[in-house]
Number of protein chains: 2
Amino acid sequence: MSSNSTQNVLDKAQQKCVSTGAKLTSKRSRLLELLIDSDKPLSAYEVIDRYNQFSGQSMPPMSAYRILDFLISKQLVHKLSSENKYVACSHITCEHEHSVAQFLICRSCQKVKEIMIDAGIMQGLAHSVEEAGYQLQSSQLELDCLCQQCATH
Amino acid sequence: MSSNSTQNVLDKAQQKCVSTGAKLTSKRSRLLELLIDSDKPLSAYEVIDRYNQFSGQSMPPMSAYRILDFLISKQLVHKLSSENKYVACSHITCEHEHSVAQFLICRSCQKVKEIMIDAGIMQGLAHSVEEAGYQLQSSQLELDCLCQQCATH
DNA sequence: TTCCTCTTGATACACCGTATCATAAAGCAG
DNA sequence: CTGCTTTATGATACGGTGTATCAAGAGGAA
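Reading the values: the criteria
Residues numbered from 1 in each chain as written. Chains lettered and ligands numbered in written order. Predicted model: local features only at pLDDT ≥ 70, side-chain atom pairs only at ≥ 80, totals over all residues. Heavy atoms only, no water. Pairing = 2+ DSSP bridges. Helix = DSSP H or I, 4+ residues; strand = E, 2+ residues; numbered from the N terminus. Core = buried A, V, L, I, M, F, W, Y, C linked by side-chain atoms within 4.5 Å. Buried < 20%, exposed > 50% of the residue type's maximum accessible area, 1.4 Å probe, protein only. Contact = heavy atoms within 4.5 Å. Axes fitted to C-alpha atoms, helices over the stretch in contact; angles between N-to-C directions. Least-squares fit on C-alpha atoms with pLDDT ≥ 70 in both. Buried area = accessible area lost by both parts, 1.4 Å probe. Salt bridge = Lys/Arg side-chain N within 4 Å of Asp/Glu carboxyl O. Polar contact = N/O pair within 3.5 Å; in protein donor to acceptor, adjacent residues only side chain to side chain. Nonpolar A, V, L, I, M, F, W, Y, C, P; charged D, E, K, R; others polar. Near = heavy atom within 4 Å.

Draft legend 1. Main features of the pairing of strand S4 (residues 112–115) of chain A. Residues and elements named next belong to chain A. With four bridges connecting them, strand S3 (residues 102–106) and S4 associate as antiparallel partners. Its bridge partner being in S4, phenylalanine 103 is matched across the sheet by glutamate 114. The turn linking S3 back onto S4 is made up of five residues, and glutamine 110 within it adopts a positive phi angle of 70 degrees.

Draft legend 2. Broad picture of the nonpolar core. Residues A:Leu143 and B:Leu143 are the most contacted members of the largest nonpolar core, which totals 32 residues. Elements with a contribution of two residues or more to this core: S3, helix H5 (119–131) and strand S6 (142–147) of chain A together with strand S3 (102–106), helix H5 (119–131) and strand S6 (142–147) of chain B.

Draft legend 3. Main features of the environment of A:Asn84. Tracing the chain through its elements places A:Asn84 in the loop between strand S1 (77–80) and strand S2 (85–88). By relative accessible area, which is 40% here, A:Asn84 ends up partly exposed. For the pair A:Asn84 and A:Asn52, spaced 32 residues apart in sequence, the C-alpha to C-alpha distance is 20 Å. Leave out the neighbours within four places in its chain, and A:Asn84 touches A:Ser43, A:Lys79 and B:Asn84.

Draft legend 4. The sheet that holds strand S5 (residues 134–136) of chain B, seen in detail. Strands sit in the order S4(A)-S3(A)-S6(A)-S5(B) across an open sheet of four strands; the sheet is mixed. Two strands close off the open sheet at either side, each with one partner strand: S4 of chain A together with S5 of chain B. Ignoring strand direction, the axes of neighbouring strands in this sheet form an average angle of 40 degrees. Strands in contact with H5(B) are S3, S4 and S6 of chain A together with S5 of chain B; relative to S5(B), the strand with the most contacts, it is inclined by about 160 degrees.

Draft legend 5. Summary view of the relation of the copies chain A and chain B. Between the two copies, chain A and chain B, the superposition gives an RMSD of 0.0 Å; the rotation angle is 180 degrees and the shift along the axis is 0.0 Å. In symmetry terms, the pair is related by a two-fold rotation axis. In terms of proximity to the rotation axis, the leading residue of chain A is A:Ser82, whose C-alpha is 2.2 Å off the axis. Residue by residue, 100% of the interface of chain A is reproduced at the interface of chain B, so both copies engage with the same surface.

Draft legend 6. Representation of the interface of chain A and chain B in the model. On the chain B side, the residues contacting the 32 residues of chain A number 32 residues. Overall, the association of chain A and chain B removes approximately 2700 Å² of surface from exposure, summing both partners, and the carbon and sulfur fraction of that is 66%. Between chain A and chain B we count zero salt bridges in total. Where chain A meets chain B, there are ten residue pairs in polar contact (both at pLDDT 80 or more). Breaking the side of chain A that touches chain B down by element, the ones donating at least two residues are S3, S4, H5, strand S5 (134–136), S6 and helix H6 (148–151) of chain A. Residues of the side of chain A that touches chain B, tallied by class, amount to 17 nonpolar, ten polar and five charged. Direction of pairing for S6(A) relative to S5(B): antiparallel, over a ladder of three bridges.

Draft legend 7. Structural context of the protein's contact with DNA strand D. A:Thr25, A:Lys27, A:Ser63, A:Arg66 and B:Asn84 are the nearest of the 15 residues found near DNA strand D. A distance of 2.8 Å separates a phosphate oxygen of DNA strand D from a polar atom in the side chain of A:Lys27. A:Arg66 has a polar side-chain atom sitting 2.8 Å from a base nitrogen of DNA strand D. Mapped by element, the contributors of at least two residues to the surface near DNA strand D are helix H2 (26–37) and helix H4 (61–73) of chain A together with helix H4 (61–73) of chain B. Per-element accounting of the surface near DNA strand D gives the leading share, four residues, to H4(A).

Here it is in structure tokens:
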């Protein structure tokens, strides 16, 4: 039931895994597919529910968390730590290494858009952090927003 | 056992509450004091534990969450949503209205520094967000960092 | 006092995440 | 193929985070 483009993304994900000596097993692939096809971030338990519904099986939470961690380590999935939810990376099919993404989270409808913020701005941010005596470790930002639809009611 | 400066902050917090018609009750004040005196963010249950130890009473979770929500609504406390922890605001004694704060969270020792980021940078950030068709609702950033001590081992 | 509002208590529960031990499946040496 | 090792997954149980709901106390206003 996946769209052709979902299949393309999964194929590319498969390649990425193989190229690093990892295996995109059927369960891993299926969880990634669920996230790709979702129009909003899913909690771990929502992922489990959808998987169970699809497969008729019953995946234990531990397995789901392990698989999600795997997908994150391969940069196929991002965790939104402010929401405890997971989203498929929007750039799986990009050839070039992309820098860390930022997320715009609509506080009304929960939809999330993954964007790349201008490097100059991120540099300025890192500079502010350094002035305070800290070092920026990750530039993944989760920004509290309203999407266009929700903004106009 | 509070230092004089803690008392000053509590007095100022009291004033802020009264000026908006709210009451800083003894429990609210005590929870705020615990957070002020802590050198790192505390989870709700850590706050409860410390309160119980101090008072010999047993505060139910619901009460703690309500009190924390109250303190947040008065801008006396911030919630770090990426960590599910709470910190006292660093600017309670500031007279001027301060804009939203950003937090540098050391991934190694968990200490948190509250800073104000240059308005120009935040504007640039908001601009990037608008280009993506979203509106920035809050500029509270939680940045994954290393503090100076942890960076040098 | 009586009423109203705000604050706090108490119980129960739902959701998020992990520790631990066990099982299965896939590669690899001999 | 056999046996060994590594990796992936299952199963159970538990702890941490947060909320729904109903009840009780505390303080002020008429």
